[in-house]
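# Observations on the model geometry
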Amino acid sequence: MTKRGESIVNKFEEKTVNTNKIYEGRIIDVEVDDVTLPNGKASKRELVRHPGAVAVIALTDEGNIVMVEQYRKALGKSIIEIPAGKLEDGESPEVTAARELEEETGYQAASLDFVVSYYTSPGFADEIIYIYKAEGLRIVEEQRQMDEDEFVDLKEISLEEALSLIEQERIHDAKTIHAIYYLMYQSLKGE
């Protein structure tokens, strides 16, 4: 039970005693923290540090969802996803969303609206993902270049097809499933 005046946000805060950086990479850093638990005991926390990411629910005028299919080495298979990418230093999530949409799909959006943000795996990572909805798409004449290690196939998929692809595990990542369920909820509300 929370004591009067006690912050719920830090209710079970663990105090970091020492941080051991294990790895510094292009996308993530890994560290092991020695912590003191709320009960005074010591423990270790293995943490993945990530700069954050964005994902874009890009809708065509016909109501289809613009997606990309790409191979994911960690999974050992290709999956179909909404366009996404990591935040660059000093870049706002909205700017990243517009950049990633153009790089991965060749589209720019007339409107780019924030939907939600969430932590992807708070048990061991600090990655936060910001989801935007893009409408009023138009093809860019001179598309930004994708990263040199990125290979994707562009797809336009109806909401019904997307739900079927979730059942088939062709769409199998949290951000894309979240986006599809968001669209399904919006359609049930009549929006």
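One can find the structure itself at the top, above this paragraph.
Attention here is on the structure that accompanies the text. (Residues numbered from 1 in each chain as written. Predicted model: local features only at pLDDT ≥ 70, side-chain atom pairs only at ≥ 80, totals over all residues. Heavy atoms only, no water.)

Turning to the packing of aromatic side chains, a few remarks are in order. Enumeration over the complete set of coordinates arrives at one aromatic pair. Ring centres of Phe 114 and Tyr 132 lie 5.7 Å apart, and the angle between their planes is 70°; on these two criteria the pair is classed as edge-to-face. Separated by 18 residues along the polypeptide, Phe 114 in strand E8 (residues 107–119) and Tyr 132 in strand E9 (residues 128–139) bring together distant segments of the chain. The exposure class of Phe 114 is partly exposed, given its relative accessible area of 47%. (Phe/Tyr/Trp six-rings, centres within 6.5 Å; stacked < 30°, edge-to-face > 60°. Helix = DSSP H or I, 4+ residues; strand = E, 2+ residues; numbered from the N terminus. Buried < 20%, exposed > 50% of the residue type's maximum accessible area, 1.4 Å probe, protein only.)

Turning our eyes to something else, we now look at a negative patch on the surface. Together, Asp 61, Glu 62, Glu 94, Asp 113, Glu 135 and Glu 156 make up a region of like negative charge exposed at the surface. Its place among the elements puts Asp 113 in strand E8. (Patch = residues over 30% accessible without salt bridge, like charges linked within 9 Å, V, L, I, M, F, W, Y side chains within 5 Å. Areas by Shrake-Rupley, 256 points an atom, 1.4 Å probe, with all protein chains shown as cover. Salt bridge = Lys/Arg side-chain N within 4 Å of Asp/Glu carboxyl O. Lys, Arg positive; Asp, Glu negative; His and termini not counted. Charge placed at Lys NZ, Arg CZ, Asp CG, Glu CD.)

Now for the packing of helix H2 (residues 159–167) against helix H3 (residues 174–189). The contact between H2 and H3 brings their axes to 10 Å, and the two run at 135°. On the basis of their axis angle, the class for H2 and H3 is oblique. Here H2 runs over H3; the crossing is left-handed. Across from Leu 159, Ala 162, Leu 163 and Ile 166 in H2, the residues of H3 making contact are Ile 177, Ile 180, Tyr 181, Leu 183, Met 184 and Ser 187. Looking at the contact of H2 with H3 residue by residue, the class counts come to nine nonpolar, one polar and no charged. (Axes fitted to C-alpha atoms, helices over the stretch in contact; angles between N-to-C directions. Parallel < 35°, antiparallel > 145°, perpendicular 65-115°, else oblique. Left-handed = near helix turned anticlockwise from the far one by under 90°. Contact = heavy atoms within 4.5 Å. Nonpolar A, V, L, I, M, F, W, Y, C, P; charged D, E, K, R; others polar.)

Turning next to the nonpolar core. Membership of the largest hydrophobic core comes to 21 residues, with the highest contact counts inside it found for Ile 57, Ile 65, Met 67, Ile 82, Ala 162, Ile 171 and Ile 180. Leaving out residues up to four positions away in the same chain, Ala 162 has contacts with Ile 65, Met 67, Ile 157, Ile 171 and Ile 180. Among the nonpolar cores identified, the runner-up in size contains 12 residues, and Val 56, Tyr 107, Tyr 132 and Ala 134 belong to it. (Core = buried A, V, L, I, M, F, W, Y, C linked by side-chain atoms within 4.5 Å.)

Within the element layout of this structure, Ile 128 appears in strand E9. Overall, Ile 128 belongs to the buried group, its relative accessible area being 16%. Along the chain, Ile 128 and Lys 73 lie 55 residues apart, while their C-alpha atoms are 21 Å from each other. In this structure, Ile 128 is in contact with Gly 52, Ala 53, Ser 117, Tyr 118 and Tyr 119, ignoring residues within four places of it in sequence.

Looking now at the pattern of salt bridges. The tally for this structure, following the rule as stated, stands at 14 salt bridges. The shortest N-O distance in the salt bridge between Arg 49 and Glu 31 comes to 3.1 Å. In this pair, Arg 49 sits in strand E3 (residues 42–49) while Glu 31 sits in strand E2 (residues 29–36), placing the two residues 18 residues apart along the sequence. The class of Arg 49 is partly exposed, set by a relative accessible area of 31%. Residue classification places Glu 31 among the buried residues on the basis of a relative accessible area of 8%. The closest approach of N and O atoms between Lys 86 and Glu 88, which form a salt bridge, is 3.7 Å. On the basis of relative accessibility, which here comes to 21%, the residue Lys 86 falls in the partly exposed class. Residue Glu 88 is classed as partly exposed on the basis of its relative accessible area, which comes to 38%. Beyond isolated ion pairs, a larger network of salt bridges with shared partners links Arg 72, Glu 81, Asp 173 and Lys 175.

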